[in-house]
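Commentary on secondary and tertiary structure
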Amino acid sequence: MEDEEMEKKVQQYLHRKGFRLTELALQEERNRLSTTSLSDVSLSRSDNDPARYYDGYNKLRTWAYNSLDQYKHELLRVLYPVFIHCFMDLVAEGHTQEARSFFHTFREDHELMHSRDLQKLEGILSPLHLEEMDLARSLRENKFRIKLCEYSYELLLQYLQKTQALVMLGIINERIIFEVSAGQPSLISDDADVVALVGTSKDLAKQINQKEVHWGLLEDSVEERMEKALSDSDKTEAESKDADAEDNNKARNSLIKKSSEGGKQGGPLKKLKKDKVVGATGKNNKSEASMVSAAPRVKPELTLPATPVEVEQSILEDLRNRAQLNNLALPSVSFYTFLNTHNGLNCSSISNDGSLVVGGFSDSSVKVWDMAKIGQPAKTSSSQGENGSSQGEHLSSTSEGKRPYTLFQGHSGPVYSAAFSPFGDFLLSSSSDSTIRLWSTKLNANLVCYKGHNYPVWDVQFSPVGHYFASASHDRTARIWSMDKIQPLRIMAGHLADVDCVQWHVNCNYIATGSSDKTVRLWDVQTGECIRMFIGHRSMVLSLAMSPDGRYMASGDEDGTIMMWDLSTGRCVSPLAGHNSCVWSLAFSCEGALLASGSADCTVKLWDVASSTKALKMDDTKAGSTNRLRLLKALPTKSTPVYNLRFSRRNLLFATGALSLGS
Amino acid sequence: MSIVPKETIEVIAQSVGIPTLHADVSAALAPDVEYRLREIMQEAIKCMRHAKRTVLTADDVDSALTLRNVEPVYGFASGDPLRFKRAVGHKDLFYIDDREVDFKEIIEAPLPKAPLDTAVVAHWLAIEGVQPAIPENPPIDAISAPTENKRIEHVKDDGLPVDIKLPVKHILSRELQMYFDKIAELTMSRSNTPIFREALVSLSKDSGLHPLVPYFSYFIADEVTRSLADLPVLFALMRVVQSLLRNPHIHIEPYLHQLMPSMITCIVAKRLGHRLSDNHWELRDFSANLVASVCRKYGHVYHNLQIRLTKTLIHAFLDPHKALTQHYGAVQGISALGASAIRLLLLPNLETYMQLLDPELQLEKQKNEMKRKEAWRVYGALLCAAGKCLYERLKLFPGLLSASTQPALRSNKRVATNNPNKRKSSTDLSASQPPLKKMASDASMSSMDSAAPVAGTMDGFSAQLPNPIMMQASSSGQMADGIAAAGAIRRGQEGNHHAQRVSTVLRQAWKEDQGAGHLLASLHDVFGEGIFSFIQPPEISFFL
């Protein structure tokens, strides 16, 4: 018959092209059709019986566990998506009871890798919940992407074909995309990203990650000027001198042009857009050019505030006195311990020079300590008191009691974050009352209250140049603000759950956000678009840090994992299981050689960044080679979880924490 | 299917004024309630994380409720994490231990102290990557092993990697060196000054001394062997050891093997001090206590520590050729280890030893007064040790008394009514007991007829207490203890018919008690009435 012939041809075609699954599905359908015609009863039975999921999964599981050792771990990866989709399908069909028992029977298998997801999914008991819960929705809307080697894939197909496991086949067909690779099965160790998140969001991430990121540093920064001053003094060439004498600005431009030309001719070209990258000081004459100076330069997309001269002077002074840190020369760490907080300290922050320390408390207060004054009798309190009484409700550094700190009152909910401006004259605090407040540390008064978020604001950070700041909130958005406007300038929407932390890129053109949806995203400040998505964390991301050369980013999560990301490729450079508990804070040293991490397990750990990134550059071609960051030193504290870390411009590390005895 | 059962929903419905809830409604609500609970907890955990905590508090749940626009639950706010108690008989049911408080109590109570205000203190967590040993930092646990690169440096020039274990270069800071020199000087020459006392306090408290421990242990071992004749120095050295052992920041276990010989030397050495008048007894006692404390502290880590120690001591004790001073030290050392050590090591050898010691004690046989004095010392030590052991045994019984009263009574009855076979076997047992034990047990039974209402309560005591009392009575009447024993046996025979009523339940107790009774009797054999001073007065008065 014509039909039959056609079918045969189709099958041959499919076979030739290697569309295995489609072929299989075709066969199935045909079989089913034939069986339907034979007996309607069996179909109706198999279609409605909730036990078919159980049986199907159970068989698949037994088969996977009994498979060859070399391919076993690859095949086991398939189980998790099948498992959760079986469960959700059962719920969707209304077999709550069966779904429950199914879930409990097999949950142990996946507890190790996916415990947090399982905890969330466990609560789903009705089809309505499937709609309501983000995780379930995104799981059902998207596909899993699983990497398998050729042989494992074949094994799986054979099994499915042989056993006629319709339900399993249906789920696998519908929910999983296989990335079949030739050759040997992958290593067990990279299991983490193999069953990476969900299909379309992964696609989305891929698509997003195609966009360009100009991770270079800002041109014309103080650091650059300083370096230039040094090199200028070295140079004896007439032209540069003449140019210098002529006009400072012009000279700088011409120099940059020249150097960029030189870069184009000689040095390896970076894949950056020409018009955006103006200068590449890559070919620096100075041999001990640090990592920072080697980074390309970019123009700011924002209009940046001017730095006052005296501030610039002090920065230059600091830069001159900076201690060089590397894996042999470790930093000194000054630890600020909060005593008698009665479990009320939610956040703390240190100003750039370490002289001011702020604590945000759950009783809505913000307290600022001037470390320079500690140890001295509080004489200034009376003058502050006058100030306070005139300011009324905003500020109350009343003279009674002679507090050693300045108390800022104004929030009406727990304060979740506080941040100093780069020069220490302003202070931002964010609270669960969904507002952000700007305080002046000079006047000791509240200046502005920014309202815009609808839910608690978890984090707020000043940009590296000041004036602009970014906030992250429970309402799943991050927002960009400037100090002079009470409305946000940009709203970054896209995260699937709370935005828990935010961090500026060093060139102020980007912000990074970490979220409870376990992703980290990079946003363009100018356009408000998401331009990178970093997938790999297994729990809520709590802290972020940008390397000073702008190329790398570190993120820490609830489980204590710290990951390093390459911003330009969007790939994870080195995952590491760093701590035993939440990583509250991360900080890069000023020349980017060290990474410090502070955790709830009462330690500060120092990691060697320079060597691990260098190693990466060497074997850049070898994809997927994960080299872990080297732990240089773990500094335990005396039962004090570390809340915040900051390197001063002189490379002194400041850390804060609240002494917690008993618990 | 849901962890919230339907019944709970019904109960809640009743509590808000819906007396009859349709079964379908509660069945549909139950899963949703569970889902909402989980949702709230998820939000609460977020709030907890942002408050930088790892323990969930009631406040977090309140914040989560506010986030979801639900009225928070009032009245549970607490700054501290709640303390849960496990409900008895349930594996996974917990409750908060909430005391009922009287208003009056609260009102009348003096105002509590105002909580201290928040403060910030600064310290150096690390200086150029090295943690300074200051009280603000946790104690450094152990000296790290020499780093690898050191070894690499010493690879020979010809390129052949020769694996030579180099002497570890241990760098000691100048401050620590000065500290060590000062302590050494004080110990050697000025051990009776107040400064030395201060130094000892410092040794037992300072956290940064760990690097010095090997030096101290070497110093102590060295000086003990060198200055055996100098009693004050030895004493000072032992004090130093004591302080080091007390210091909680020092990890002294690796050096114990160096310190133990010195300490044992100070217990069992033949001569300590060069003059006859030197009070080396005190040093021996002190060192014995020190060694015992080491055994208590580290015995669980080094299980052969105590075995080796006791071997040394018992060897010194049992060798008749050793000097009496050595015997004395051995006795003190063993007795410091506790009652069980005395019972196991000293008591079995007591009688033979006493035969050895007896001639030394008597004026007519031992003419050397010095020797005699020493012998009396040893005798005293033995008496003390035996008494201590006895005292410990006796101390056990008040507990036995109160705890066993009820069950003993009950089981007593049961046995008495319907177990003739057992009764018989028990009498057999008592018949087959060695005479001395029998005496003790019979004696106890005899006491029972006079104190019938507390029959059950007696069993703990009766085993050995009638004996001492009778003995006391007899000794006060200037009689030999043999007569007392005879008296006891006589009384025991009188009370023989009571034996059938008691006994099976007592069997377990007997084993211990007979031991004690036996012990006392034999000790009395050896020491006479001297031993009575170790019996607790309350027990005696109970019977008087």
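This report concerns the structure included in the present document. (Residues numbered from 1 in each chain as written. Chains lettered and ligands numbered in written order. Predicted model: local features only at pLDDT ≥ 70, side-chain atom pairs only at ≥ 80, totals over all residues. Heavy atoms only, no water.)

Now for the overall build of chain A. Within chain A one finds 19 helices and 31 strands. Across the 663 residues in chain A, those meeting the buried criterion constitute 53%. Within the structure as shown, chain A displays about 29600 Å² of accessible surface, and the carbon and sulfur contribution to it stands at 51%. (Helix = DSSP H or I, 4+ residues; strand = E, 2+ residues; numbered from the N terminus. Buried < 20%, exposed > 50% of the residue type's maximum accessible area, 1.4 Å probe, protein only. Areas by Shrake-Rupley, 256 points an atom, 1.4 Å probe, with all protein chains shown as cover.)

Of the regular secondary structure elements, chain B holds 23 helices and 3 strands. The buried share of chain B, reckoned over its 544 residues, is 42%. Here the contacts in chain B between residues at least 6 apart in sequence split such that 65% fall between residues at least 24 apart. Accessible area of chain B: about 31400 Å², with a carbon and sulfur share of 58%. (Contact = heavy atoms within 4.5 Å.)

Turning next to the sheet that holds strand β26 (residues 583-588) of chain A. All names here are of chain A. Sheet architecture is open: 4 strands sit in the order β26-β27-β28-β29, paired in antiparallel fashion. Only two strands of the sheet have a single neighbouring strand rather than two, namely β26 and β29 (630-636). This sheet shows a mean twist of 20° between the axes of neighbouring strands, independent of strand direction. One ladder, built from 5 bridges, connects β26 with strand β27 (residues 594-599); its direction is antiparallel. Each residue of the ladder has a partner; that of L586, found in β27, is S597. (Pairing = 2+ DSSP bridges. Axes fitted to C-alpha atoms, helices over the stretch in contact; angles between N-to-C directions.)

Moving on, we come to a nonpolar patch on the surface. A grouping of L82, F84, F94 and I96 of chain B is seen on the molecular surface, where their side chains present a nonpolar patch of about 360 Å² in accessible area. Along the polypeptide, F94 of chain B turns up in strand β2 (residues 94-96). (Patch = residues over 30% accessible without salt bridge, like charges linked within 9 Å, V, L, I, M, F, W, Y side chains within 5 Å. Salt bridge = Lys/Arg side-chain N within 4 Å of Asp/Glu carboxyl O.)

Attention now goes to the interface of chain A and chain B. The interface of chain A with chain B comprises 60 residues on the first partner and 44 residues on the second. Contact between chain A and chain B buries roughly 4600 Å² in total, counting both sides, with carbon and sulfur atoms accounting for 58%. For chain A, the biggest contributors to the area lost against chain B are N343, W584 and K638 of chain A; these three give 12% of the whole. Applying the counting rule to chain A against chain B returns 5 salt bridges. Where chain A meets chain B, there are 22 residue pairs in polar contact (both at pLDDT 80 or more). (Buried area = accessible area lost by both parts, 1.4 Å probe. Polar contact = N/O pair within 3.5 Å; in protein donor to acceptor, adjacent residues only side chain to side chain.)

Bringing helix α12 (residues 305-318) of chain B into the picture now. All names here are of chain B. For α12, which comprises 14 residues, the first-to-last C-alpha distance of 20 Å matches the rise-based estimate of 20 Å (1.5 Å per residue) to within 8%. Within the span of α12, buried status applies to L305, L309, T310, L313, I314, A316 and F317. Angular distribution of buried residues about the axis of α12 spans 155°; they occupy a single face of the element. Facing away from the buried side of α12, by more than 90 degrees, are the exposed residues R308, K311 and H315. (Expected span 1.5 Å × (residues − 1). Arc of directions from axis to C-beta.)

Residues and elements named next belong to chain A. Inspection of the entire model under this criterion finds 28 aromatic pairs over all chains. Between Y57 and F102 the ring centres are 5.5 Å apart and the planes differ by 75°, which places this aromatic pair in the edge-to-face class. Linking Y57 in helix α4 (residues 51-65) with F102 in helix α6 (residues 96-122), this pair joins segments that are 45 residues apart in sequence. As far as the burial class goes, Y57 and F102 line up, both buried. Aromatic pair Y336 and F654: ring centres 5.8 Å apart, planes at 25°, arrangement stacked. Of this pair, Y336 sits in strand β5 (residues 333-339) while F654 sits in strand β31 (residues 653-658); the two residues are 318 residues apart in sequence, bridging distant segments of the chain. (Phe/Tyr/Trp six-rings, centres within 6.5 Å; stacked < 30°, edge-to-face > 60°.)

On to the side chain of S568 of chain A. All names here are of chain A. Tracing the chain through its elements places S568 in the loop between β24 (561-566) and β25 (572-577). S568 sits in the buried class, given a relative accessible area of 17%. Only 2.9 Å separates the side chain of S568 from the side chain of D566, close enough to count as a polar contact. What S568 contacts, discounting residues up to four positions off in sequence, is W215, R532 and R551.

This part covers the pattern of salt bridges. By the definition in use, this model includes 26 salt bridges over all chains. Between R175 of chain A and D89 of chain A there is a salt bridge, with its nearest N and O atoms 3.8 Å apart. Taken together, the positions of R175 of chain A in helix α10 (residues 166-175) and D89 of chain A in helix α5 (residues 69-92) put the pair 86 residues apart, joining distant regions of the chain. As far as burial versus exposure is concerned, R175 of chain A and D89 of chain A are alike and both buried. A salt bridge links R68 of chain B to E39 of chain B, with the shortest nitrogen-to-oxygen separation between them at 3.1 Å. Remark: E39 of chain B occurs in helix α2 (residues 23-50) and R68 of chain B occurs in the loop between α3 (58-67) and β1 (84-86); sequence separation between them is 29 residues. Looking at E39 of chain B, the relative accessible area reads 16%, which means it is buried. Salt bridges here are not isolated pairs; linked through shared partners, they connect E132 and D498 of chain A together with D32, R36, E39, E43, K46 and R68 of chain B.

Residues and elements named next belong to chain A. Interaxial distance between α4 and helix α9 (residues 150-163) falls to 12 Å at its minimum, and their mutual angle equals 140°. When the axes of α4 and α9 are compared, the pair comes out oblique. Viewed along their axes, α4 and α9 form a crossing whose handedness is right-handed. Residue-level contacts link K59, L60 and W63 of α4 to L155, L156 and Y159 of α9. Of the residues contributing to the contact of α4 with α9, the split by class is 5 nonpolar, no polar and 1 charged. (Parallel < 35°, antiparallel > 145°, perpendicular 65-115°, else oblique. Left-handed = near helix turned anticlockwise from the far one by under 90°. Nonpolar A, V, L, I, M, F, W, Y, C, P; charged D, E, K, R; others polar.)

Counting residues in each nonpolar core, the largest one holds 82 residues, and the members touching the most others are L203, I220, M238, I252, M263, L357 and L382 of chain B. At 11 residues, helix α9 (residues 231-246) of chain B tops the list of elements feeding residues into this core. In this structure, Y53, V78, V91 and C149 of chain A belong to the second largest nonpolar core, which totals 50 residues. (Core = buried A, V, L, I, M, F, W, Y, C linked by side-chain atoms within 4.5 Å.)

All names here are of chain A. Assignment of secondary structure puts D55 in helix α4. The class of D55 is partly exposed, set by a relative accessible area of 39%. Along the sequence, D55 and F102 sit 47 residues apart, while their C-alpha atoms lie 9.9 Å from each other.

Strand pairing within a sheet occurs via backbone hydrogen bonds; the two strands may be parallel or antiparallel. Residue and element names in this part refer to chain A. Taken in spatial order, the 4 strands line up as β6-β7-β8-β9 in an open sheet, and their pairing is antiparallel. A single partner strand is all that each edge strand has here, and the edge strands are β6 (345-350) and β9 (405-408). Across this sheet, the average inter-strand angle for adjacent strands is 20°, counted without regard to direction. Pairing analysis gives 5 bridges linking β6 to strand β7 (residues 356-361), with the strands arranged antiparallel. Pairing of L345 across the sheet is with F361, part of β7.

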